[in-house]
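Here is how the chains run, residue by residue.
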Amino acid sequence: MAERVAGPEIERLVQLLARLPGLGPRSARRAVLHLIRKREELLAPLSDAMSVAREKIVCCSVCGNIDTSDPCTICRDARRDPSILVVVETVADLWALERAGLLNARYHVLGGVLSPLDGVGPEDLTIASLVERVRGGEISEIVLAVNATVDGQTTAHYVADLLAPSGVKVTRLAHGVPVGGELDYLDEGTLAAALERRTVF
């Protein structure tokens, strides 16, 4: 059994950082050593920022985004098109779409996907509040921007069926060959989706 090489405070910091996605024990140890070396430049400001974030971060009651205000910055932005609502699984997906900067719309975060095997049903997601937003009458198009997984597609079909009576246009992200992709490296499911949804050249 390896002996402890640092005090309990440092070991606790390593253990906490190792819980973050993409960081294992070795990466966490390297990160901690870097933070300690740059104590004044990084460790102190990071500690302060995390303390402030812990106190101020809230979940937006309108869309489910996380921010330091409720409604969030996106929901308060009057320049966004209120008639288009992009439905995503998680806040990470919302942020990814925002980084692309291609759509000036509003969002709705489901908080996950339907997954009977994991015991996740419609009541565990924000589907009811999505239906309420559509009933408000301002939305003319729902863009289902969910992952192309079995659970993601099941969720998309469930939401589309639920919204069908509203008459709102429901679209989804295109599936198929990615830009710069080579056919030889694609899986059969991706190729099948690309062929099924082929367009005029």
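Residues numbered from 1 in each chain as written. Predicted model: local features only at pLDDT ≥ 70, side-chain atom pairs only at ≥ 80, totals over all residues. Heavy atoms only, no water.

Details of the side chain of Thr155
Within the fold, Thr155 resides in helix α7 (residues 150-163). Among the polar contacts listed, one links the side chain of Thr155 to the backbone nitrogen of Leu114, at a separation of 2.8 Å. If we skip the residues at most four places from it in the chain, Thr155 touches Leu110, Val113 and Leu114. (Helix = DSSP H or I, 4+ residues; strand = E, 2+ residues; numbered from the N terminus. Polar contact = N/O pair within 3.5 Å; in protein donor to acceptor, adjacent residues only side chain to side chain. Contact = heavy atoms within 4.5 Å.)

Things to note about the layout of surface pockets
Taking a probe equal in size to a water molecule and rolling it over the atoms shows the remaining empty space. Computed from the structure, the largest pocket encloses a volume of approximately 320 Å³. Lining of the largest pocket is provided by Leu13, Leu16, Leu17, Arg19, Leu20, Leu35, Leu43, Leu46, Ser47, Met50 and Ser51. Of all the elements in the fold, those that place two or more residues in the lining of the largest pocket are α1 (8-18) and α3 (39-56). In terms of residues, the lining of the largest pocket owes the most to one element, α3, which gives five residues. Grouping the constituent residues of the lining of the largest pocket by class yields eight nonpolar, two polar and one charged. (1 Å grid on protein atoms, 1.4 Å probe; cavity = no way out; pocket = protein on both sides within 12 Å on 5 of 7 lines; lining within 4 Å. Points joined across faces, edges and corners; volume = space filled by probe spheres on them. Nonpolar A, V, L, I, M, F, W, Y, C, P; charged D, E, K, R; others polar.)

Quick notes on the sheet that holds strand β3 (residues 81-88)
Spatially, four strands are ordered β4-β3-β5-β6 in an open sheet, and the strand pairing comes out parallel. Each edge of the open sheet carries a strand with a single partner, namely β4 (105-109) and β6 (169-172). Ignoring strand direction, the axes of neighbouring strands in this sheet form an average angle of 25 degrees. Contacting β3, β4 and β5 (141-145), helix α6 (residues 127-135) runs over the sheet at an angle of about 150 degrees to β4. Packed on one face of the sheet, α7 meets β5 and β6 and runs near 165 degrees to β5. (Pairing = 2+ DSSP bridges. Axes fitted to C-alpha atoms, helices over the stretch in contact; angles between N-to-C directions.)

Some thoughts on the side chain of Ser115
Structurally, the position occupied by Ser115 is in the loop between β4 and α6. We classify Ser115 as buried; its relative accessible area is 5%. Excluding residues that lie within four positions of it along the chain, Ser115 makes contacts with Val120 and Asp151. (Buried < 20%, exposed > 50% of the residue type's maximum accessible area, 1.4 Å probe, protein only.)

A word on the packing of α1 against helix α2 (residues 25-37)
Relative to each other, α1 and α2 sit at 125 degrees, their axes nearing to 8 Å. As the angle between them shows, α1 and α2 are arranged oblique. As α1 runs across α2, the sense of the crossing is right-handed. Within the contact between the two elements, α1 uses Ile10, Glu11, Leu13, Val14, Leu17 and Ala18 and α2 uses Pro25, Ala28, Arg29, Ala31, Val32, Leu35 and Ile36. Of the residues in the contact of α1 with α2, the class split is eleven nonpolar, no polar and two charged. (Parallel < 35°, antiparallel > 145°, perpendicular 65-115°, else oblique. Left-handed = near helix turned anticlockwise from the far one by under 90°.)

Here's the deal with the pairing of β4
Within β4, five of the five residues are buried, which leaves the element mostly enclosed by the surrounding structure. Two strands pair when backbone bridges link them, and β3 and β4 are joined in this way by five bridges, in the parallel orientation. Looking at the pairing, Leu85 lines up with Arg106 of β4. Following the backbone out of β3, through helix α5 (residues 91-100) and into the adjacent parallel β4, one traces a crossover that is right-handed. (Right-handed = clockwise from strand over helix to strand, strands pointing away.)

What to know about the pattern of salt bridges
For the coordinates displayed, the defined rule picks out six salt bridges. Asp77 is the salt-bridge partner of Arg79, the closest N and O atoms lying 3.1 Å from each other. Here the salt bridges do not stand alone but share partners, grouping Asp77, Arg79, Arg80 and Glu98 into one network. (Salt bridge = Lys/Arg side-chain N within 4 Å of Asp/Glu carboxyl O.)

Quick look at the nonpolar core
Among the nonpolar cores identified, the biggest contains 17 residues, and Leu130, Val134, Ile142 and Leu163 are the most heavily contacted of them. Mapped by element, the contributors of at least two residues to this core are β3, α6, β5 and α7. Sorting elements by how many residues they give to this core places α6 first, with four residues. Those residues in contact with Ile142, other than ones at most four positions away along the chain, are Leu85, Val87, Leu130, Val134, Leu163, Val168, Lys169, Val170 and Thr171. Core analysis: the second largest hydrophobic core is formed by 15 residues, Cys72, Ile74, Val91 and Val109 among them. (Core = buried A, V, L, I, M, F, W, Y, C linked by side-chain atoms within 4.5 Å.)

Keep in mind that these numbers describe shape and distance, not what the molecule does.
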